[in-house]
Structures are given as C-alpha cells and as structure tokens.
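Read off the chains here:
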Amino acid sequence: MWELTFPRTVVIGEDALEYLREVKGKRVLIVTDKVIHKLDFVEKVADYLKEAGLEVEIFDLVEPEPSVETIVKGAEVARKYAPDWFIGLGGGSCMDAAKAIWALYENPGIEVGDISPLTELGLRRKARLICIPTTSGTGSDANWSTIITDVKEERKLELASREIVADIDILDPELPKSMPPKLVADTGLDVLAHAIEAYVSQWRNDFSDALAIKAIQTVFKYLPTAYRHPEEKEAKEKMHNAATMAGMSFGNSQAGIAHALGHSLGAIFHIPHGRTVDLFLSYSIEYSAREAMGRYADIARAIGIEAKTDEEAVEKLVETVRRLDREMGEPASIREMGISREDFEKRLDDLVARAANSSCTFMNPRVPNLEDTRKLFICAYEGRRVNF
Ligand SMILES: [Zn+2]
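Basis of the calculations
Here, residues in each chain are numbered from 1, in the same order as that chain's written sequence. For a predicted model such as this one, the threshold for reporting local features is a pLDDT of at least 70, and the threshold for listing and counting side-chain atom pairs is 80 or more; totals across whole chains, interfaces and linings nevertheless cover every residue. Values reported for side chains reflect all heavy atoms of the structure, with hydrogen atoms and water molecules removed beforehand. A 2.8 Å cut-off from the metal defines N, O and S donors, relaxed to 3.2 Å for Na, K and Ca; water is not in the atom list, so some sites may appear incomplete. In this scheme the shape depends on donor count and angles: four donors with every angle between 85 and 135 degrees give tetrahedral, four or six donors with opposite pairs above 155 degrees and others between 65 and 115 give square planar or octahedral in turn, and any other case is irregular. Every helix listed is a DSSP run of H or I at least four residues long, and every strand listed is a run of E at least two residues long, numbered separately from the N terminus. The buried label goes to any residue with under 20% of its type's maximum accessible area, the exposed label to any with over 50%, and the partly exposed label to all in between, with areas taken from a 1.4 Å probe on protein chains only. Paired strands are those between which DSSP finds at least two bridges. Under this scheme, a helix contributes an axis fitted over its contacting stretch, all axes are lines through C-alpha atoms, and angles between N-to-C directions fall in the 0 to 180 degree range. Contacts are assigned to residue pairs with any non-hydrogen atoms lying within 4.5 Å of each other. With a 1 Å grid laid over protein atoms only, a set of points is called a cavity when a 1.4 Å probe fits there but cannot get out and a pocket when it is open yet has protein on both sides within 12 Å along at least five of seven lines; lining residues have an atom within 4 Å of a point. Grid points are joined across faces, edges and corners, and a volume is the space filled by probe spheres set on the points. Put simply, Ala, Val, Leu, Ile, Met, Phe, Trp, Tyr, Cys and Pro go in the nonpolar bin, Asp, Glu, Lys and Arg in the charged bin, and everything else, Gly too, in the polar bin.

Draft legend 1. Molecular detail of the coordination of the zinc ion. Surrounding the zinc ion are the protein donor atoms Asp190 (OD), His194 (NE2), His259 (NE2) and His273 (NE2), which sit 2.1 to 2.2 Å from the metal. For the zinc ion, the four donor atoms in the first shell make angles of 92 to 154 degrees at the metal, a pattern classed as irregular. All donors to the zinc ion come from one chain, and their sequence spacing reads D-x3-H-x64-H-x13-H. Of this pair, His259 sits in helix α8 (residues 257–269) while His273 sits in helix α9 (residues 273–302), and the two are 14 residues apart along the sequence. Residue His259 is classed as buried on the basis of its relative accessible area, which comes to 3%. Residue class for His273 comes out partly exposed when judged on its relative accessible area of 22%.

So this is what it looks like as structure tokens:
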C-alpha cells in the first residue's frame with residue numbers, strides 16, 4: 001500500500017490569483033519575506049482577500065533558509081491574531097515557514113522538530129493553508145515537507161507531515177516574471193534535481209514517475225529560455241508548472257543524495273538550497289547509476305538522447321546535465337563556489353555526518369556509507385568524476 005498526497009485544489013494559468021476572491025473566512029496571516037513585501041504581490045493578494053471580505057495581517061520576517069526562531073516568532077504572532085487562513089507567499093522559505101508556523105499555531109505544546117509523519121498534528125481545527133509560489137523551484141507548495149534550519153546546530157531539519165500540505169495551491173504565471181536570471185537558474189536546476197531523484201528513488205511509483213518525466217522534459221525544453229530571455233512568458237509559465245509537478249513527484253517519492261549532500265553543504269557554508277543541490281546532481285547520477293542504470297537511461301531517452309546501450313545513455317545524461325549547469329553559469333565544484341581547501345577539510349567530518357543522517361540518503365538507489373559519502377564530497381570539491 002502506498003498513500004499519495006497532493007494539494008486539494010491547484011489553480012493554474014493566467015489570473016490564477018483572482019481565485020483568492022472566492023476564499024471564505026475571517027482573517028488571513030500572510031507569511032512572507034521583506035523582498036516579496038517590497039514587490040506589489042503582497043498588496044495584490046491582500047486586495048483580492050479584502051474583496052472577499054477577509055482581514056489581512058502580514059508576517060514578513062522570513063529569512064532565506066528559515067530558522068527555528070523565526071517559526072516560533074511567527075507562531076506567537078499567529079496566536080495573537082488568530083487567523084483561519086495562512087498564506088505562504090514567496091519562495092520555498094516562505095512556504096516552508098508558513099507550514100511550520102501553522103503547525104505550531106494549532107499545537108502550542110509542540111516544538112518545530114516534532115513535525116513528523118509519526119505525530120498527529122490535528123491541523124485544520126483552526127486554520128487552513130494557501131501556498132502561492134513566486135519562484136519556480138522548490139515545489140513546497142505541492143508537497144508535505146518543510147525544511148527549517150537549526151542555526152545553533154548548523155543543521156537542516158527535514159520535516160514532513162501529510163497534514164501540512166496546502167489546501168489551495170495557486171500558480172499564477174505573473175509572479176515568477178520578476179525572478180532575476182541567477183534565481184531562475186538556481187531554482188530551475190533544483191526542479192531538475194527533484195524530478196530526477198524522484199524518478200530513481202526506491203520509493204518511486206507510477207504517479208511520481210509520470211510527474212517527474214514531464215517535469216524533466218519541461219526543464220530541458222524551457223529553462224535555458226527562461227534564463228536567457230526573462231521577458232519570454234511561455235517559458236516562465238512552463239517552468240512554474242514544472243516546479244510544482246516535480247514537487248508533487250518527489251513529495252510522493254523521495255529526493256536523493258544530491259539533496260542530502262546539498263543540505264549538508266548549504267547548512268555549513270550558508271549557500272542557497274538550489275545552488276548546492278544543482279552542484280551535486282551530476283555527481284549523484286555517476287554514483288547511483290550502478291543501481292539504477294535503466295531508470296537513468298529512461299530519463300535520457302525521454303529528453304531525446306540517442307544511445308546504443310543504457311551505459312552510454314547515462315553517460316550522455318551526465319554530460320547533458322553538466323552542460324546545462326555551465327550554460328546557466330552554475331559552479332561545477334565546491335572549490336568554484338569559493339570555499340578554500342582549508343575550510344573544506346576542516347568541516348569535512350561535519351559535512352559527511354550531516355549528509356549521512358539526511359532522510360534523503362536512505363531511499364537513494366545506491367545508499368552511500370560514510371566512506372563513500374566522504375569520497376563524494378571530495379570529488380565534488382575537486383570537480384572529479386565519480387568512478388567508485
Ligand atoms: Zn530541492
């Protein structure tokens with residue numbers, strides 16, 4: 001038996017935001033960040049909600065890679081305001097924060113780390129959740145995970161609960177238009193990592209496969225245009241939908257070691273999620289191919305790669321991923337990210353320990369032991385092929 005979870009309602013296409021006029025309730029707490037607050041999105045969202053007769057309050061203190069402290073602060077604000085709707089408006093950080101704040105608001109007794117598939121949160125007694133992504137990457141709008149950073153421990157808490165999936169997910173193509181090219185690259189390649197890792201995961205299934213393949217095809221077809229020609233509407237809209245499809249896919253399968261290694265590097269060296277995960281994607285394919293050759297070959301063929309054998313298809317897939325990274329100006333190694341060898345070696349034990357404990361490690365097609373994890377980090381530092 002396998003339980004799949006999706007948002008109850010997904011609204012797509014031009015003017016999708018207008019759906020907010022139909023929301024019924026009393027008070028909305030919009031969870032967002034200062035950058036989004038400066039753009040006119042918050043106002044637009046608030047205006048539609050006011051038309052629907054709702055009061056609106058804004059919590060805009062979410063930082064990139066939100067911390068436990070921010071969630072606790074947000075839950076305090078929510079308790080005073082008593083909303084019956086939360087809106088996560090922004091990139092993954094804002095939506096992840098909205099999910100966690102909502103869980104703590106309804107359960108004053110729990111801590112952030114208690115959000116887990118094994119804990120009954122009893123959500124929706126007080127409020128429900130709307131997610132409105134303004135970037136095209138995380139897929140947080142469509143799945144049941146939330147990543148919160150424990151700053152003191154330099155650790156990403158990879159939390160999940162089927163209850164924190166959005167009730168309404170609004171994909172308005174107008175919102176990602178203002179993304180700068182660097183953000184388009186980081187987040188778009190994160191979409192690719194979600195979909196590829198979901199497709200090869202040990203938890204894959206027919207539904208996650210279908211969504212993953214469509215998302216992968218969309219990334220290769222539209223991401224370079226979305227990156228180079230920001231004014232191109234179709235490419236941005238397709239990438240916005242692909243991000244959510246990939247989010248639904250890995251949410252119902254599992255991310256893999258590109259995410260485990262990426263979370264670890266990001267937590268220790270404070271690098272944005274998308275960029276770290278993109279970096280490890282090609283290395284993770286080289287490492288995992290031995291256990292999932294046919295699956296990676298399916299992906300290669302789905303994007304039009306021609307090859308006589310599965311091995312050749314996978315080799316070409318790795319080259320294609322690296323070429324796309326280069327085209328988008330992404331670093332090809334940890335060294336290229338500007339981390340000195342001395343700093344890297346000083347933290348290598350910590351990097352390995354955190355990656356080994358990541359929930360994304362265990363369902364990877366090939367599960368690395370500590371020694372392999374260390375070697376993977378070293379290959380990624382030096383930009384060397386993984387051949388063990
Ligand atoms: Zn990701």
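The structure having been displayed, the exposition proceeds.
Draft legend 2. How the structure looks around the sheet that holds strand β5 (residues 128–133). In space, the six strands of this open sheet follow the order β1-β8-β5-β4-β2-β3, with parallel pairing throughout. Edge positions in the sheet fall to β1 (9–12) and β3 (55–59), since each has one partner strand and no second. Between one strand and the next, the sheet's axes are offset by a mean angle of 20 degrees, whatever the strand orientation. The strands touched by helix α4 (residues 92–106) within the sheet are β2 (27–31), β3, β4 (85–90) and β5, with β4 carrying the most contacts at an inclination of about 160 degrees.

Draft legend 3. Local environment of empty space enclosed by the protein. A full pass over the atoms with the stated rule returns two cavities of 30 Å³ or more. Looking at the largest cavity, its volume works out to about 50 Å³. Lining the largest cavity are Ser136, Pro176, Met179, Val184, Thr187, Gly188, Leu223, Ala226, Lys236 and Met239. Residue assignment for the lining of the largest cavity shows that the elements contributing at least two residues are α5 (181–200), α6 (206–228) and α7 (233–251). Of the residues assigned to the lining of the largest cavity, the class counts are six nonpolar, three polar and one charged. Ile196, Glu197, Val200, Ile257, Leu281, Ser284, Ile285, Ser288, Tyr296, Asn364 and Pro365 are the residues that line the second largest cavity. Among the elements that line the lining of the second largest cavity, the one with the most residues is α9, at five residues.

Interpretation in functional terms is not warranted from these geometric data alone.
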